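Below are the chains, spelled out letter by letter.
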Amino acid sequence: MSVKEKVEASLAGVADSQGITNYELSFDQTVLRGDGLLGEFYTGSVKNKDAGEVIETYIKFSPREDIPIKSIVYANEFLYYDTIYPQLHEFQRERDVKQPFDKIPRFFCGTVEPENEYLVFENLKLQNFEMWDKTKFLDEKHLNAVFKTYGKYHALTFAFKDQNREKYEEITKEIQDIFKNMFKYEEMRKSMLELLKIAQSGIKEIDEKKAERLQPWIDDFGKKFFNKGALYTGDYSALTHGDCWSNNIMFKYDQSGNIEDIRFVDHQLTRDSTPVHDLSYFFYAGAAKKDLDKLDQYLDIYHDSFCSFARELGSDPEKLLPLKALKTDWKEHSLFGIRMGLMLWQIKLIPKENIVKNIVGKPGNELMKHFGDASQCEEYRANSRDIVLHALEYGIL
């Protein structure tokens, strides 16, 4: 099937999902690729010729390259938008929530047919949503907003699980946890060890004693650092976002530059897990050292938001996720976010055009090579140093 035929079929699916029979389709055949490795993107519109209304869409197709996990992540995301979120939305409606959590893009249609996977969403960019510059640290205003929004989202999934355990297990049972196997690949293991050594060398320049404290984690890298914290078996879990770097969060601003709205996109890696995995992934892949040092402040903002919305939904927040348990779990499971931060800062510092040219479609060993090139720049060395230094100071390592 040609690109034109695929896009037309997906847009016709939008019309069908909205009950539009008399329509006109238009689209741009230019493929949009960049920081994400798991999609090819197109924009298009569906005009209702009877009503005169136009639906502007953003279409995500699975990449043509042979990427082992692509069918899994598209199945996860389709399940999330087609089945899971509608249940969460209905749950909020039943609880008569005044300001429901609605911070995900509108979903129209999709398919998980092998080699033809696609998902169609509203075009957020045409609604003035935009991504943060991935090369820059998020400032306090954005960190506050995201922690607060994650608090509301996690309260929703925890409360739904709390009050509808049987339904929760039914709608989430088909989710496949990508992270179970992510850290088993030898190339990734070697790469992560090198990143930890880069961070240690930076720490040694400013504090030799702290650099020495890191050495046991390097010596026993497999058990102590590489495999620790990714899988959660504790008492405080529910559905999480999963892929929480800044490129998967879009912001809308008012005329004064204040954050007016937020959207969480790309739910391909959603899974039942600790909120620490979402929060630490986002935090360590986006915050500067001065904000890393204010971790407890951000966790308090998050927990206040969590508690407020959990109560509105009819659950006891202290039963669902006590603040003490959240902070205890952070010491054990935020190592997952530290690993993701060390990896993601490499991607974030690679120019978008270089990702398209050198990385998209390449096998795993070549991906690690180009990521490794980015890890040699001074900006990356400073960022990795600060992440691991914080982990040592906070008692994570």
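Rules of the game
- Residues numbered from 1 in each chain as written.
- Predicted model: local features only at pLDDT ≥ 70, side-chain atom pairs only at ≥ 80, totals over all residues.
- Heavy atoms only, no water.
- Helix = DSSP H or I, 4+ residues; strand = E, 2+ residues; numbered from the N terminus.
- Buried < 20%, exposed > 50% of the residue type's maximum accessible area, 1.4 Å probe, protein only.
- Areas by Shrake-Rupley, 256 points an atom, 1.4 Å probe, with all protein chains shown as cover.
- Lys, Arg positive; Asp, Glu negative; His and termini not counted.
- Charge placed at Lys NZ, Arg CZ, Asp CG, Glu CD.
- Pairing = 2+ DSSP bridges.
- Axes fitted to C-alpha atoms, helices over the stretch in contact; angles between N-to-C directions.
- 1 Å grid on protein atoms, 1.4 Å probe; cavity = no way out; pocket = protein on both sides within 12 Å on 5 of 7 lines; lining within 4 Å.
- Points joined across faces, edges and corners; volume = space filled by probe spheres on them.
- Nonpolar A, V, L, I, M, F, W, Y, C, P; charged D, E, K, R; others polar.
- Core = buried A, V, L, I, M, F, W, Y, C linked by side-chain atoms within 4.5 Å.
- Polar contact = N/O pair within 3.5 Å; in protein donor to acceptor, adjacent residues only side chain to side chain.
- Contact = heavy atoms within 4.5 Å.

(A) Highlighting the overall build of the protein. Along the protein, the regular secondary structure elements total 17 helices and 10 strands. Its C-alpha atoms give the protein principal-axis dimensions of about 70 × 50 × 45 Å. The buried share of the protein, reckoned over its 397 residues, is 53%. Accessible surface, the protein: about 17700 Å² in total, of which carbon and sulfur atoms supply 46%. Distance between charge centres in the protein, computed from 54 positive and 66 negative side chains, equals 3 Å.

(B) Local environment of the sheet that holds strand β3 (residues 54–61). Here five strands make up an open sheet; going across it, the order is β1-β2-β3-β5-β4 and the pairing antiparallel. The sheet terminates laterally at β1 (23–32) and β4 (107–111), the two strands that pair on one side only. Adjacent strand axes in the sheet meet at a mean angle of 20° when their direction is disregarded. Sheet analysis places β1 next to strand β2 (residues 40–48), joined by seven bridges and oriented antiparallel. Along β2, the bridge assignment pairs Phe27 with Gly44.

(C) Examining empty space enclosed by the protein more closely. Summed over the entire model, instances satisfying the criterion amount to one cavity of 30 Å³ or more. Each pocket or cavity is described by its volume, and for the largest cavity that value is around 30 Å³. Taken together, Phe137, Ala287, Ala288, Lys289, Leu292, Trp345, Asn383, Asp386 and Ile387 form the lining of the largest cavity. Among the elements of the structure, α10 (289–292) and α17 (378–394) are those that each provide at least two residues to the lining of the largest cavity.

(D) View of the pairing of β4. Sheet analysis places β4 next to strand β5 (residues 118–122), joined by four bridges and oriented antiparallel. Looking across to β5, one finds that Gly110 is bridged to Leu119. Here β4 hands over to β5 after six residues, with Glu115 in that stretch at a positive phi of 70°.

(E) Spatial organisation of the layout of surface pockets. Its boundaries defined by the atoms lining it, the second largest pocket holds a volume of some 450 Å³. If you trace the second largest pocket, you find 16 residues lining it, with Gln99, Lys103, Lys148, Thr149 and Lys152 closest to the centre. Within the residue set of the lining of the second largest pocket, elements represented by two or more residues are α3 (140–163), β9 (259–264) and α11 (295–312). Of the residues assigned to the lining of the second largest pocket, the class counts are five nonpolar, four polar and seven charged.

(F) Broad picture of the nonpolar core. Residues Phe225, Phe283 and Trp330 are the most contacted members of the largest nonpolar core, which totals 99 residues. Among the elements that line this core, the one with the most residues is α3, at 11 residues. With 14 residues, the next largest nonpolar core counts Leu11, Val14, Val46 and Phe61 among its residues.

(G) View of the side chain of Ser315. One can find Ser315 in the loop between α11 and α12 (317–320). Judged by its relative accessible area of 7%, Ser315 falls in the buried class. Within the structure, Ser315 has its side chain in polar contact with the side chain of Asp162 (distance 2.8 Å). Leave out the neighbours within four places in its chain, and Ser315 touches Ala159, Asp162, Gln163, Ala310 and Leu320.

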